Amino acid sequence: MHFMYQHTLFGAYINAIILLFLQRVLLLVASDVDALCACKILQALFQCDHVQYTLVPVAGWQELETAFLEHKDQFKYFVLINCGANVDLLEILQPEEDTFFFVCDSHRPINVVNVYNDTQIKLLVKQDDDLNVPAYDDIFRDDEDEEEDSENESDGSEPLEKRRRFEEEVIERTMKRRQRREWEARRREILFDYEQYEYHGTSSAMVMFDLAWIMSEDLNDMLWWAIVGLTDQWVQDKITQMKYVTDIGILQRHVSRHNHRNEDEENSLSIDCMRIAFEYDLRLALYQHWSLYESLCNTSYTSASLKLWSVQGQKRLQEFLADMGLPLKQVKQKFNSMDMSLKENLREMIEESANKFGMKDLRVQTFSIHFGFKNKFSASDIVYATTSLMENIEKEGSETTNFIKALDSLSRGNLDKLHQGLDLAKKQLRAIQQTVASCICTNLVISQGPFLYCSLMEGTPDVKLFSRPVSLCLLSKYLLKSFICSTKNKRCKLLPLVMAAPLDVEQGTVIMVGIPPETESSDKKNFFGRAFEKAAESTNSRTLHNHFEMSIIEMKTEDRSKFLDALISLLS
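Identification of the chain as Cell division cycle 45 from Cyanistes caeruleus is taken from an unreviewed UniProt entry. Within the UniProt record for the chain, the comment given under Subcellular location (unreviewed entry) is "Nucleus".

> Sorry, what's going on with the environment of Lys334 here?
Following the sequence through the fold, Lys334 ends up in the loop between α15 (328-332) and α16 (340-344). Each C-alpha atom of the pair Lys334 and Ile369 lies 20 Å from the other, and the pair is 35 residues apart in sequence. Apart from residues lying up to four places away in sequence, Lys334 is in contact with Trp290 and Ser291.

> What is the right way to read helix α21 (residues 469-486) from this model?
Taking 1.5 Å per residue as the helical rise, α21 with its 18 residues ought to reach 26 Å, and the 25 Å between its terminal C-alpha atoms agrees with that figure. Of all the 18 residues making up α21, 15 are buried; the element is thus mostly covered by neighbouring parts of the structure.

> I would appreciate a short explanation of the pairing of strand β3 (residues 53-57) in the present structure.
For a regular strand, side-chain orientation follows a simple rule: the groups alternate between the two sheet faces. As judged from the five bridges shared by strand β2 (residues 25-29) and β3, these two strands associate in the parallel manner. Within the sheet, the bridge partner assigned to Val29 lies in β3 and is Pro57.

> Honestly, the sheet that holds strand β13 (residues 446-447) in this entry has me stumped. Any pointers?
The pairing of strands in a sheet happens through backbone hydrogen bonds and is either parallel or antiparallel. The sheet built from six strands is open, its strands ordered β13-β14-β15-β16-β18-β17 with mixed pairing. Each having just a single partner strand, β13 and β17 (543-544) make up the two edges of the open sheet. For strand β14 (residues 452-455) and strand β15 (residues 497-504), the ladder comprises four bridges, and the chain directions are parallel. Bridge pairing in β15 places Tyr453 opposite Val498.

> Would you take a moment to explain the pairing of strand β11 (residues 363-371) for this structure?
For β11, the tally of buried residues reaches eight of nine residues, placing the bulk of the element in the interior. Pairing geometry for strand β10 (residues 274-282) and β11, over nine bridges, is antiparallel. Bridge pairing links Asp281 to Val364 in β11. The sheet contact formed by β11 and strand β12 (residues 375-378) spans four bridges and is antiparallel. Note on β12: the bridge partner recorded for Ile369 is Phe377. As consecutive antiparallel partners, β11 and β12 are separated by three residues, and within that stretch Gly372 has a phi angle of approximately 60°, a positive value.

> Mind showing me how you'd approach the packing of helix α8 (residues 204-214) against helix α10 (residues 241-258) here?
Working note: a packed helix pair is described by the angle between its axes plus the distance between those axes. Viewed as axis vectors pointing N to C, α8 and α10 meet at an angle of 40°, and their least axial separation amounts to 12 Å. Between α8 and α10, the angle is such that the two are oblique. Seen along the crossing, α8 lies across α10 with a hand that is left-handed. On the side of α8, the interface is formed by Met206, Phe209, Asp210 and Trp213, while α10 contributes Asp247, Ile250, Leu251, His254, Arg257 and His258. Its residues assigned to classes, the contact of α8 with α10 comprises five nonpolar, two polar and three charged.

> When you look at the pattern of salt bridges in this model, what are you seeing that I'm missing?
Side chains that carry opposite charge are capable of pairing whenever their charged atoms lie near each other. Within this structure, the stated rule accounts for 26 salt bridges. Between Asp559 and Arg542 there is a salt bridge, with its nearest N and O atoms 2.9 Å apart. Of this pair, Asp559 sits in the loop between β18 (552-556) and α23 (560-571) while Arg542 sits in the loop between α22 (528-539) and β17, placing them 17 residues apart in sequence. Take Asp559: its relative accessible area is 5%, and that puts it in the buried class. Connected via shared salt-bridge partners are Asp237, Lys481, Glu518 and Lys524.

> Explain the environment of Val33 to me, please; I cannot follow it from the model alone.
Note that Val33 resides in helix α2 (residues 33-48). A C-alpha to C-alpha distance of 9.4 Å links Val33 and Leu230, two positions 197 residues apart in sequence. Apart from the residues within four sequence positions on either side, Val33 is in contact with Val228, Asp232, Val383, Thr386, Thr387 and Met390.

> I would appreciate a short explanation of the packing of helix α18 (residues 379-390) against helix α19 (residues 399-409) in the present structure.
Following both chains from N to C, one finds α18 and α19 inclined at 160°, their axes separated by 7 Å at the closest point. Judged by the angle between their axes, α18 and α19 are roughly antiparallel. By crossing handedness, the relation of α18 to α19 is classed as right-handed. Across from Thr386, Leu389 and Met390 in α18, the residues of α19 making contact are Asn402, Lys405, Ala406 and Ser409. Across the contact of α18 with α19, the residue classes break down as three nonpolar, three polar and one charged.

> Where do I start with the packing of aromatic side chains in this structure?
Any two aromatic rings considered together are summarised by their centre-to-centre distance and by the angle between their planes. The tally for this structure, following the rule as stated, stands at 20 aromatic pairs. Aromatic side chains Tyr116 and Phe140 sit 6.0 Å apart centroid to centroid with 85° between the ring planes, which places their arrangement in the edge-to-face category. With Tyr116 in helix α5 (residues 112-116) and Phe140 in the loop between α6 (136-139) and α7 (160-195), this pair connects stretches of sequence that are 24 residues apart. Overall, Tyr116 belongs to the partly exposed group, its relative accessible area being 21%. Given the relative accessible area of 22%, Phe140 is considered partly exposed. Of the aromatic side chains, those joined through ring pairs into one cluster are Tyr197, Phe451, Phe527, Phe528, Phe532 and Phe563. Seen from the ring of Phe335, Lys343 lies directly overhead, with NZ or CZ sitting 4.9 Å from the centre.

> Even after reading the chapter, I still don't get the sheet that holds β2, so can you show me in this structure?
One open sheet accounts for five strands, arranged β3-β2-β4-β5-β7; its pairing is parallel. In this open sheet, the two strands that pair with only one neighbour each are β3 and β7 (121-123). Each neighbouring strand pair of the sheet contributes to a mean axis angle of 20°, computed without reference to strand direction. Pairing of strand β5 (residues 100-104) with β7 involves three bridges; the strand directions are parallel. Pairing of Phe102 across the sheet is with Lys122, part of β7. Set on the sheet, helix α3 (residues 61-71) makes contact with β2, β3, β4 (77-81) and β5; between it and β2 the angle comes to about 170°.

> Looking at this model, I keep getting lost on the nonpolar core. Mind explaining?
Side chains of nonpolar character tend, in soluble globular proteins, to be buried together. Of all hydrophobic cores here, the largest spans 137 residues; its most connected members are Phe101 and Trp224. When residues no more than four places from it in sequence are discounted, the contact partners of Trp224 are Met274, Ile276, Phe367, Ser368, Ile369, Phe377, Ser378, Ala379 and Ile382. Counting residues in hydrophobic clusters, the runner-up holds 25 residues, among them Tyr301, Phe320, Leu346 and Met359.

Quick notes on the rules
- Residues numbered from 1 in each chain as written.
- Predicted model: local features only at pLDDT ≥ 70, side-chain atom pairs only at ≥ 80, totals over all residues.
- Heavy atoms only, no water.
- UniProt positions renumbered as here; feature names shortened; annotations may be inferred.
- Helix = DSSP H or I, 4+ residues; strand = E, 2+ residues; numbered from the N terminus.
- Contact = heavy atoms within 4.5 Å.
- Expected span 1.5 Å × (residues − 1).
- Buried < 20%, exposed > 50% of the residue type's maximum accessible area, 1.4 Å probe, protein only.
- Pairing = 2+ DSSP bridges.
- Axes fitted to C-alpha atoms, helices over the stretch in contact; angles between N-to-C directions.
- Parallel < 35°, antiparallel > 145°, perpendicular 65-115°, else oblique.
- Left-handed = near helix turned anticlockwise from the far one by under 90°.
- Nonpolar A, V, L, I, M, F, W, Y, C, P; charged D, E, K, R; others polar.
- Salt bridge = Lys/Arg side-chain N within 4 Å of Asp/Glu carboxyl O.
- Phe/Tyr/Trp six-rings, centres within 6.5 Å; stacked < 30°, edge-to-face > 60°.
- Lys NZ or Arg CZ within 6 Å of the ring centre and 35° of its normal.
- Core = buried A, V, L, I, M, F, W, Y, C linked by side-chain atoms within 4.5 Å.

Put into structure tokens, the structure is as follows:
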């Protein structure tokens, strides 16, 4: 039994799904790679079963509400992917009673009303995902009709017995009110604890793949999309190392099942054939499509460990390459053109030298895919390429155009789009590393007491890229890693980071993200979502909480300093 649909049995869950497959469906899909992968799996399932559907990309709450309002008359069945779980959906959308929502969303915590509403909201959640939801009776209670005191007012002239009964009723009512106040205080506390931190559950693409598997309709393509969805969570640093390794293990069993079945046909490795393999690969971004040198310089892990923004760091990089015994000419040319003899033991050579230079985690468990002879990609290659297509700022395409391009790049028939994504991803990784280096070299990261703060100025190179949420989050995470390697201050190493970048100069707005401290044992839980809300409320700052990630907000530039002051005092 692999799925849990709220508190009902597996049979009811599948019945709900079967019901969905008999309808016309509106798909509302968030703009992240995991959501795109989950969408691809569901689209393939819908195609198998000839389900009619319409796909609408939604980048935030406003778009979600607009899309719902525009389509609510034509559709009764809505599937929400990576959006909708962490707010009271019925409160926000005010749907009719015959409207149903299937929500597959990795955002946690899930809003309690969504969890306990069995009729209109169906949560697609893996059974072993511990949601830690408070008990129903702790947060909901039926209001007993409290009788009005005035009805039984006594004028003192009634018989003694009646008077005594009246006094008892007064006492009982007073007790009930006190109990209610105590219950409400406890409820507030329970909900505060439950909703305080934002984090992520199992990748939505993995949940969708599980669904396909239960329906015996899982294909190798779907399995690959599940792998890319999980890898997206790892690249974006949304889940713990422990969760990542556990989920890799689950997918590995499916990979063995799918990629051994018809070996004779597959050994021919025709161009149409695809093969997925488990690998213990190097944690170097895009290195098989770049030069080893560029990849070392633009991967956050190696760049931060070697402190490449400093002269000393550049010297260490040269020493590192010398230790491996790789000629600079080889390292700087395209990976594909390197001598075969060097490539054969490359991973072992790099890992051995990396250990000497304090980089103990340079290998990572992952998967790669082969299309025919020529084309080989690792799961993280796909994540970087798809993300960069989605957040492309080079061509003045609409967000929907970018979304569709990114979605298309995930199909194996569209290798040209994928290569376009890889080229864009290299530019974006370079831009991130250059921005990290300039922030550290010009001391732009400042300690504000309870958190570190960094603000990008208008006119900074590549600043437009960082008005996009995923790129800004990646930059913030890379910057925090690098800052921790560069600072001597022990206290600063344990602090979270708030980062701001210009959003719309004409409108005078900034986009701001908060990320948790970068520690070995980090549980990846983020408290900034709630803190941002409170700071905005207490200062009447003009903010927009439009992102599905609560820890990303937009605000008027002139409200920023009072907002930050409130945030400092709130977290101190």
